[in-house]
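Now for the letters of each chain:
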Amino acid sequence: MASPNNLQFQEFEEAAELLSADPGASTLSMSGSNTPSTTASAGEDVKLDLSEDEEGQQESSEVLDRVKGSVMPQPGRNFIKYYLRSNPDLYGPFWICVTLVFSVAISGNLSTFLVERGNPAFHYRPQFHRVTIAAVVIFMYAWLVPIGLWGFLTWRQGAERQIGGYSFLETVCVYGYSLFIYIPTSVLWIIPYDWLRWTLILIAMVISGSVLVLTFWPVVRDDTKVTAVATVVTIVVLHTLLAVGCKLYFFQTAASTPTALPTSSTLHNHTTLAVKTN
Amino acid sequence: MAASEEASRPFAGLSDVSISEDIPVEGDISVPVGPSRRDDEFSTLDEPVKDTIMRDLRAVGNKFIHVLYPKRSSALLRDWDLWGPLLLCVTLALLLQGGAADHEDQGGPQFAEVFVIVWFGSIIITLNSKLLGGTISFFQSLCVLGYCIMPLTVAMVVCRIVLLVSSGVIIFAVRLVVVMASFGWSTFASTAFLADSQPPNRKALVVYPVFLFYFVIAWMVLTYSP
């Protein structure tokens, strides 16, 4: 073999020749940036990518495509295989959860205001504590359920007959994107008709539930019948619980305002006083 | 004279030693005492306290003016400081108190909630833009986001003054217009600074969290009820 000095020097030249021949070629670091990747900047490209890996190299159009895919599921398309393509990102799930927290809290506040507007004794309150509650519930759902599901699927894959599981980030990603349909649903829930709200819940649950089922059924179906059906049913039930729980807590109709409201007792006093003075 | 003769005697043997003229012999034999003269301009230990405070206040005020007229100047970015954001955050949190404070579980945001939303929101947005490959540094981004809360703080002051008059529908419409205008101003001002540091295919990904951040603060300002 050649001496160590020659070996090192040759490799460097070869790489430099390749890159200088085609400066637009993507290097192994797959930076995806528009700067020509010479060897001088390869070091800092790699450094950037190590920190970018969690967010992937997402462009605005890719995130939009994934959001559209979560709203319009098609039976042939597995969300992870078709849209994520081994490139999960955390941008979508995180910001969809944050937006959902605020949209549910704000829409709930607006719907309470609209319901009670005819009530002269009603004093508007911002109800900001709902933001904290919504944040806890939604972030726990979007992170703990994927952890549990991924752990369960990995255990089954290792122990039994499942082929091709999903990575943890992919599971979190598909759960995050599946929550997107609830954002316009929560805004539409401001309209104070109960039948409309239940219809909207059904539509949203069907859409986002089918995204999840279409994603996880191919992985689970090779398992025993019982396990496969139980897994899918658990996914759907948890999703339903989240939707119905949000609707019942944040969007209360006039008949079911909680008795913990201190204004309700003052309301009684006001009405009784009004009756007495009349 | 005798003393001088005695003093020169140790050097008697050296009388024929000569130094050739082409060897440069020069130097400074003075011993430096204390800090060198260059540092005296930047040493703030000796100046009166009023000067120190006024210098920082003038820098903060200068940045406020830059937010009012968001041209592409680098004053906000180059000399970042966090005094302005702290002042604005405390003012906003204090102004949001006193409304519906007697019903604590149904009322507006508590002081700590405003603080957490402003500072953790800014930190998360900064981390987001850095992970997406931005060229702006961490504290510069915090500085920009904090200073651009100023229009919303002004709107809060206006809302509180207007609410002293009455709280009818017309007043609500006035407040809505003021808050929406200041929200647009804040978002426009901060994206003018932040979006330039991103590659063009990711500008929307960076602008959206900033939009959400100022929307939430605008919501808190608008729903303040006495």
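Just so we're clear, the structure is a prediction, and the values are computed from it rather than from any experiment.

Conventions used here
- Residues numbered from 1 in each chain as written.
- Chains lettered and ligands numbered in written order.
- Predicted model: local features only at pLDDT ≥ 70, side-chain atom pairs only at ≥ 80, totals over all residues.
- Heavy atoms only, no water.
- Helix = DSSP H or I, 4+ residues; strand = E, 2+ residues; numbered from the N terminus.
- Buried < 20%, exposed > 50% of the residue type's maximum accessible area, 1.4 Å probe, protein only.
- Contact = heavy atoms within 4.5 Å.
- pLDDT = per-residue confidence, 0-100.
- UniProt positions renumbered as here; feature names shortened; annotations may be inferred.
- Core = buried A, V, L, I, M, F, W, Y, C linked by side-chain atoms within 4.5 Å.
- Salt bridge = Lys/Arg side-chain N within 4 Å of Asp/Glu carboxyl O.
- Polar contact = N/O pair within 3.5 Å; in protein donor to acceptor, adjacent residues only side chain to side chain.

Peer 1: Help me understand the environment of Gly176(A) in this model?
Peer 2: Residue and element names in this part refer to chain A. Topologically, Gly176 is positioned in helix α7 (residues 168–178). Judged by relative accessible area, Gly176 falls into the buried class, the value being 0%. A C-alpha to C-alpha distance of 20 Å links Gly176 and Thr154, two positions 22 residues apart in sequence. Not counting residues within four places of it along the chain, the set of residues in contact with Gly176 comprises Pro93 and Ile96.

Peer 1: Quick question: what am I supposed to make of the confidence of the model for chain A here?
Peer 2: Residues and elements named next belong to chain A. With 67% of its residues at a pLDDT of 70 or more, chain A has an overall mean of 73. The secondary structure element of chain A with the lowest average pLDDT is helix α2 (residues 39–52), at 39, and the one with the highest is helix α8 (residues 182–188), at 91. Under a pLDDT of 50 for its full length, residues 23–54 has, in the predicted model, 29 contacts with residues more than four places off or in other chains.

Peer 1: Teacher, can you tell me more about the UniProt feature "transmembrane region" (unreviewed entry) in chain A here?
Peer 2: Residue and element names in this part refer to chain A. Feature annotation in UniProt places "transmembrane region" (unreviewed entry) on residues 90–111, 131–153, 165–183, 195–217 and 229–251, given in this structure's numbering. The straight-line gap between the two end C-alpha atoms of residues 90–111 is 31 Å; of that span, 95% is helix and 0% is strand. End C-alpha atoms of residues 195–217 are separated by 32 Å, and the span's content is 100% helix alongside 0% strand.

Peer 1: It is not clear to me how the nonpolar core should be interpreted in this structure. Could you clarify?
Peer 2: For soluble globular proteins, nonpolar side chains are generally found buried alongside one another. Membership of the largest hydrophobic core comes to 90 residues, with the highest contact counts inside it found for Val174(A), Tyr175(A), Leu179(A), Phe216(A), Val118(B), Tyr214(B) and Ile217(B). Here this core gets 12 residues from one element, more than from any other, and that element is helix α9 (residues 203–222) of chain B. Filtering out sequence-adjacent residues up to four positions away, Val174(A) remains in contact with Phe79(A), Ile80(A), Val211(A), Leu212(A), Thr215(A) and Phe216(A). Formed by seven residues, the second largest nonpolar core is a distinct cluster that contains Val60(B), Leu88(B), Cys143(B) and Met150(B).

Peer 1: How should the pattern of salt bridges be read in this particular structure?
Peer 2: Should their charged atoms come close, side chains of opposite charge can pair. Enumeration according to the criterion identifies five salt bridges over all chains in this entry. A salt bridge links Lys247(A) to Asp194(A); the nearest nitrogen and oxygen atoms lie 3.1 Å apart. Taken together, the residues Lys247(A) in helix α10 (residues 225–250) and Asp194(A) in helix α9 (residues 194–220) connect sequence positions 53 residues apart. Between Arg55(B) and Glu47(B) there is a salt bridge, and its shortest N-O distance comes to 2.7 Å. Here the salt bridges do not stand alone but share partners, grouping Glu62(A), Arg66(A) and Asp89(A) into one network.

Peer 1: Please explain the environment of Phe168(A) as it appears in this structure.
Peer 2: By secondary structure assignment, the location of Phe168(A) is in helix α7. Among all residues touching Phe168(A), those that are not within four sequence positions of it are Trp143(A), Ile147(A) and Trp150(A).

Peer 1: I tried to follow the side chain of Ser70(A) on my own but got confused; where do I start?
Peer 2: Residues and elements named next belong to chain A. Counting through the fold element by element, Ser70 comes out in helix α3 (residues 60–71). Here Val67 takes part through its backbone oxygen, which lies 2.8 Å from a polar atom of the side chain of Ser70. Once residues lying within four places of it in the same chain are set aside, the contact partners of Ser70 are Phe79, Tyr177, Ser178, Phe180, Ile207 and Val211.

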